[in-house]
Structure formats: C-alpha cells, structure tokens
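Chain and residue survey
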Amino acid sequence: RGCIGLCAFCKGRQLFGRYRMKKAVDIVNELEFHFNRYNINYFVVCDNLLNGNVFELERICDLLIERKLPINWEGQGIPNRKMTLSLLQKMRKAGCCKMQWGLECGSDKVLQNIRKGRLFTVDEAEEVIKCSHNAGIHTELFIIVGLPGEDNNEFIKTENFVRRNHMYIDLIKSVNTLHLVHGTDLLDHAEEYGLFIPKHD
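This write-up is about the structure you can find in this document. (Residues numbered from 1 in each chain as written. Predicted model: local features only at pLDDT ≥ 70, side-chain atom pairs only at ≥ 80, totals over all residues. Heavy atoms only, no water.)

Bringing the side chain of Asn-165 into the picture now. Among the secondary structure elements, Asn-165 is positioned in the loop between α7 (152-164) and β5 (171-177). Look at Asn-165 and you get buried, because its relative accessible area is 0%. Leave out the neighbours within four places in its chain, and Asn-165 touches Glu-126 and Lys-130. (Helix = DSSP H or I, 4+ residues; strand = E, 2+ residues; numbered from the N terminus. Buried < 20%, exposed > 50% of the residue type's maximum accessible area, 1.4 Å probe, protein only. Contact = heavy atoms within 4.5 Å.)

Structure, rendered in structure tokens:
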C-alpha cells in the first residue's frame, strides 16, 4: 500500500500513506494458497506500484521460481533505474507477464515540475521500457497531457519519446488530460504551478 512518490497531481500518498509491503514469504504463501485452493493462476496487483521495495520484489521472484508456482501476474510500477534488465528477466521467469509504467511524459522539465523527477529521468525510463520489453514482459505506458510547464516543445518531447521507443511499447494504456483532484498539491497550490483556476460565486 501507499507510494514512494509525492507527485503533485496524485492523491495516492494522502489516501494510503507511505509505501509499505508485506514480507515476500507472506505474499508468496498467499498466492500459493489461492492457486491450490481456488485454482487461480492469474493475479493483478492493483496497488499504486509493485516496485516500491525492490529487495522484497526480487525475493518474491526468487520464492516463486524456487517453488515453481505456475502463475502469471501483472502490475504498475515506476520506471526507475532500480528496474534493471536482470531483475526484469527474473520477474518474467517468476510469472510477471505485464507491466504498466507511469511515465506521464517524456520531458525532464515537466517531470521536475510535478515532483516526479526525483523518482526517475526520461533516460532512465527509456532504459527500463527497453529492458522490460526485452525481458519478454508486455510493456504498457500511462501518459498525461497538459501537465504544468508542458508547452508545445515539451509535448513534442513526449511524442518523440513514444516514436523512438515504439518497438518496445506494446500499448499506450491511456493518454489522459490532466485532471485536477481535490486535495492534491497541484490544485491546492495551483498558482505556484502556473495554473489559473476560475473562481465561481
């Protein structure tokens, strides 16, 4: 539960708090239970991200491989430099068949504006997406249009990112316009982000 990020547009951290994760052995025991008891062999991690603790993530993979549990799983993640080719290959061997990466945009300037630049750079995200695909994992992206500081030049950087990496991207999961959510830093301090919010009587 929770998130390692403090992205300006997202309310996840406020709703669910800091990132915390069950121990790998407890997670694998639960997966094994549902497989043996209910014959469930496909699992979707619905939390904000599954790679907030890379050590436990790798331990999960080691245990799944060790137990030869015949399951497949998918989830969302942050495309940061900790997601190496060797880890992604191990994830694939352990049954990870799909990853949805929260790229948001292909501009380092915009990533910094929304406080996501502390998590990864565009170059790091590009490497993760390539490695994810090369590891045999179905690779999808989330993109947001209209983030603070995104003029036409910055938008073109996102477009170019997709174009030069199209062979590694299996699906653009969504292209959403920026949605201002109550309780987020982006809405609470809109003027600091260069946004104008009309006042209503």
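Back to the text.
Next up on the list: the pattern of salt bridges. Tallied over the full model, the rule gives 13 salt bridges. Glu-32 is the salt-bridge partner of Arg-67, the closest N and O atoms lying 2.7 Å from each other. One end of the pair, Arg-67, is in helix α3 (residues 54-67); the other, Glu-32, is in helix α2 (residues 24-38), with 35 residues separating them in the sequence. Take Arg-67: its relative accessible area is 27%, and that puts it in the partly exposed class. In this structure, Lys-98 and Glu-140 form a salt bridge, with 3.8 Å as the shortest nitrogen-oxygen distance. (Salt bridge = Lys/Arg side-chain N within 4 Å of Asp/Glu carboxyl O.)

The next point concerns the pairing of β5. Two elements, strand β4 (residues 138-145) and β5, share six bridges in a ladder whose sense is parallel. Across the sheet, the residue bridging to Val-145 is Thr-177, located in β5. Handedness of the β4-α7-β5 crossover: right-handed. (Pairing = 2+ DSSP bridges. Right-handed = clockwise from strand over helix to strand, strands pointing away.)

Moving on, we come to the nonpolar core. Considering soluble globular proteins, one finds that nonpolar side chains tend to be buried as a cluster. Formed by 51 residues in total, the largest nonpolar core has its most connected members in Leu-64, Ile-71, Trp-73, Met-83, Leu-88, Met-91 and Trp-101. Among the secondary structure elements, those contributing two or more residues to this core are α2, α3, α4 (85-93), β3 (96-104), α5 (108-113), α6 (122-134) and β4. Here this core gets six residues from one element, more than from any other, and that element is α3. In this structure Trp-73 touches Phe-43, Leu-50, Leu-57, Cys-61, Leu-64, Met-91, Ala-94, Gly-95, Cys-96, Cys-97 and Lys-98, once residues within four positions along its chain are discounted. (Core = buried A, V, L, I, M, F, W, Y, C linked by side-chain atoms within 4.5 Å.)

With 14 residues, α3 extends 20 Å from end C-alpha to end C-alpha; this agrees with the ideal 20 Å at 1.5 Å per step. All of the buried residues in α3 are Val-54, Glu-56, Leu-57, Ile-60, Cys-61, Leu-63 and Leu-64. The secondary structure elements touched by the buried residues of α3 are α2, β2 (72-77) and α4. With a side-chain oxygen lying 3.2 Å from the backbone nitrogen of Phe-55, the N-terminal cap of α3 falls on Asn-53. Lys-68, located one to two residues past α3, shows a positive phi value of around 55 degrees. (Expected span 1.5 Å × (residues − 1). Polar contact = N/O pair within 3.5 Å; in protein donor to acceptor, adjacent residues only side chain to side chain.)

Structurally, Glu-124 can be placed in helix α6. Reaching out from Glu-124, the side chain makes a polar contact with the backbone nitrogen of Thr-121 at a distance of 3.0 Å. Not counting the four nearest positions on each side in its chain, Glu-124 is found in contact with Pro-79, Arg-81 and Leu-119.

With that out of the way, let us pick up the environment of Tyr-193. Positionally, Tyr-193 belongs in the segment after α8 (185-188). On the basis of relative accessibility, which here comes to 15%, the residue Tyr-193 falls in the buried class. Residues within four places of Tyr-193 in sequence aside, it is in contact with Ala-8, Asn-113, Arg-115, Pro-148, Asp-185 and Leu-186.

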